[in-house]
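# An overview of the molecular structure
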Amino acid sequence: MAYIKMKIGEFYGQKIYQILLSNGYNMKEAQKLCDKGRLIDSFDMVLNKNSIANGEIFLIDYECKPVGLEPIFESDEFGVFDKPSGVLTHPNGRNCSYSLCDEIWSLWGREASVAHRLDKETSGVIVVGKSIETTKKLKSMFENREVFKSYLALVNGKVEVDKFDKFKLENYINFINKLDFIDSNNWLVIDKAMDLTKDYNDIKIRMQICDNGKRAITLFRPIEFDYKRNLTLVECIPLTGRQHQIRLHMFYVKHKILGDPIYGLERDDIERILDGKMSENERIDKTGANRLMLHSNRLKFNYNGAEFDISSKMEFGLSPFVQMD
């Protein structure tokens, strides 16, 4: 998605919101554009809604540039994509050249939107509502724990199942909407509250385990172990939806997800990775992979009386670091 500078026209003495209204925008749309700083003059000065025009006025808008990523599932009301690692779900500023919205809006228009979030480096299935109404309904389902989500992750070390608490259904009856979808009791559980770090010298998005934080529960089980590389492929089910939940929980139990750019690293290295200033080889050396090895593998939910069970079509696993790119 490329941001482009479009000339609206040349105006004198009119307020910016009046110009937008005269060009077909309603008041809500005009307010939103002004709040986002999308109106500028010929000197690239950002104009607010009550600024007085004195010459050429430009609108900063974005032009979708899809690359042909197609949904893996589509109904009349929503679609599902397999998001590649490295792709943003939303554009994050004027320098963003591509995001999943390029595909979404080119297919279904600007009212279509993702119903939940995947971090940039997390790959896999993501649901998109085709209308505002559908998106609100889907978001509510995620917020109310009505969607079963399963992730795959590559972690350091061998998961010794005897060292972890076993999942017991009776202890998590409040999560019955998700537990209905779980196929067995053969799960381990991490039940540790978490919150944003309170260290002001730390990375602001880093989370921490803390007793007075929000409850966070992750079920997990080992799928396959690679003896030569001392790595385990695990499946994870988050019963709650905290920021970085799976990443922090696996780090806490000393099975860090390969490629994690935040947990287990010093601030300088974190900033270099997030700013794109660390080389691929150095990142692999420090974190074990050139991307976060976390994959949204499956979503299962009931919508309007129908059950949907959608799995990723991407390969992800140990051999040999499938989905490294």
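One can find the structure itself at the top, above this paragraph.
To start, this report covers the structure provided alongside it. Note that this is a predicted model, so its numbers are computed, not measured.

The rules behind each value
- Residues numbered from 1 in each chain as written.
- Predicted model: local features only at pLDDT ≥ 70, side-chain atom pairs only at ≥ 80, totals over all residues.
- Heavy atoms only, no water.
- Helix = DSSP H or I, 4+ residues; strand = E, 2+ residues; numbered from the N terminus.
- Buried < 20%, exposed > 50% of the residue type's maximum accessible area, 1.4 Å probe, protein only.
- Contact = heavy atoms within 4.5 Å.
- Areas by Shrake-Rupley, 256 points an atom, 1.4 Å probe, with all protein chains shown as cover.
- Patch = residues over 30% accessible without salt bridge, like charges linked within 9 Å, V, L, I, M, F, W, Y side chains within 5 Å.
- Salt bridge = Lys/Arg side-chain N within 4 Å of Asp/Glu carboxyl O.
- Lys, Arg positive; Asp, Glu negative; His and termini not counted.
- Charge placed at Lys NZ, Arg CZ, Asp CG, Glu CD.
- Disulfide = S-S within 2.5 Å.
- Phe/Tyr/Trp six-rings, centres within 6.5 Å; stacked < 30°, edge-to-face > 60°.
- Lys NZ or Arg CZ within 6 Å of the ring centre and 35° of its normal.
- Expected span 1.5 Å × (residues − 1).
- Arc of directions from axis to C-beta.
- Pairing = 2+ DSSP bridges.
- Core = buried A, V, L, I, M, F, W, Y, C linked by side-chain atoms within 4.5 Å.

Turning our eyes to something else, we now look at the overall build of the protein. For the protein, the count of helices and strands is 8 helices and 15 strands. Dimensions of the protein, computed from the C-alpha atoms along their principal axes, are close to 75 × 50 × 40 Å. Looking at the 325 residues of the protein, the share that counts as buried comes to 50%. Look at the contacts in the protein between residues 6 or more apart in sequence, and 65% of them connect residues 24 or more apart. Summed over its atoms, the accessible surface of the protein is roughly 17000 Å², and 46% of this surface lies on carbon and sulfur atoms.

The next thing to look at is unusual backbone geometry. A positive phi is found at Arg 145, a non-glycine position, where the angle reads about 60 degrees. Note on placement: Arg 145 falls in the loop between helix H4 (132-143) and strand E8 (148-156).

Quick look at the environment of Ser 140 now. Here Ser 140 shows up in helix H4. What makes Ser 140 partly exposed here is its relative accessible area of 31%. The sequence separation of Ser 140 and Ala 115 amounts to 25 residues, and the corresponding C-alpha distance is 8.8 Å.

What follows covers a positive patch on the surface. Taken together, the side chains of Lys 28, Lys 32, Lys 36 and Lys 136 make up a positively charged region of the molecular surface. Position of Lys 136 relative to the elements: it lies in helix H4. Look at Lys 136 and you get exposed, because its relative accessible area is 59%.

Counted by the stated rule, this structure contains 0 disulfides. Of all cysteine sulfurs, the one in Cys 64 lies closest to Cys 101, which takes part in no disulfide; the gap is 7.8 Å.

This part takes up the packing of aromatic side chains. Two descriptors summarise a pair of aromatic rings, namely the distance from one centre to the other and the angle between the planes of the rings. For the structure shown, the criterion picks out 11 aromatic pairs. Aromatic side chains Phe 73 and Phe 78 sit 5.8 Å apart centroid to centroid with 35 degrees between the ring planes, which places their arrangement in the tilted category. Taking relative accessible area as the criterion, Phe 73 reaches 26% and is therefore assigned partly exposed. Both rings, one in Phe 78 and one in Tyr 303, keep their centres 5.4 Å apart while their planes meet at 75 degrees; by these two values the pair is edge-to-face. Here Tyr 303 lies in strand E14 (residues 294-303) and Phe 78 lies in strand E5 (residues 78-83), a separation of 225 residues in the sequence. An aromatic cluster of at least three residues, connected via ring pairs, comprises Phe 73, Phe 78, Phe 301, Tyr 303 and Phe 308. The ring of Phe 58 carries Lys 5 above its face, with NZ or CZ at 4.6 Å from the centroid.

Inspection of the secondary structure assignment puts Leu 274 in helix H7 (residues 267-274). For the pair Leu 274 and Ile 203, spaced 71 residues apart in the sequence, the C-alpha separation amounts to 11 Å. Among all residues touching Leu 274, those that are not within four sequence positions of it are Ile 205 and Pro 261.

To continue, consider H4. Given a rise of 1.5 Å per residue, 12 residues ought to cover 16 Å, and the 16 Å separating the end C-alpha atoms of H4 matches this to within 8%. Thr 134, Thr 135, Leu 138, Met 141 and Phe 142 are the residues of H4 that are buried. Projected down its long axis, H4 carries its buried residues within an arc of 120 degrees, all on one side. Exposed side chains of H4 directed beyond 90 degrees from the buried face belong to Glu 133, Lys 136 and Glu 143. Buried residues in H4 make contact with E5, strand E6 (113-114), strand E7 (123-129), E8 and E14.

This next bit is on the pairing of strand E15 (residues 306-311). Bridge count for E14 against E15 is 6 bridges, and the pairing is antiparallel. When the sheet's bridge partners are listed, Lys 300 is paired in E15 with Asp 309. Hairpin connection, E14 to E15: the antiparallel pair is bridged by 2 residues, and Asn 304 has positive phi, about 50 degrees.

Okay, the pattern of salt bridges next. As enumerated under the stated definition, the model contains 16 salt bridges in all. Put simply, Lys 7 and Glu 56 hold a salt bridge, and the shortest N to O gap is 2.8 Å. Here Glu 56 lies in strand E3 (residues 52-63) and Lys 7 lies in strand E1 (residues 2-15), a separation of 49 residues in the sequence. With a relative accessible area of 29%, Glu 56 lands in the partly exposed category. Among the salt bridges present, the one from Asp 269 reaches Arg 272, with a minimum N-O distance of 3.3 Å. On the criterion of helical spacing, the pair formed by Asp 269 and Arg 272 is a turn pair, its members being 3 residues apart in helix H7. Members of the salt-bridge network, linked through shared partners, are Asp 269, Arg 272, Glu 282 and Lys 286.

Counting 43 residues, the largest nonpolar core has Ile 104, Phe 220, Met 250 and Ile 257 as the members making the most contacts within it. Listing elements by their share of this core, those giving two or more residues are E3, helix H3 (100-108), E7, E8, strand E9 (188-191), strand E13 (231-238) and helix H6 (245-252). What Ile 257 contacts, discounting residues up to four positions off in sequence, is Ala 153, Leu 154, Val 155, Ile 246, Arg 247, Met 250, Leu 292, Met 293 and Leu 294. By size, the runner-up hydrophobic cluster in this structure holds 14 residues, among which are Ala 115, Val 125, Val 127 and Phe 301.

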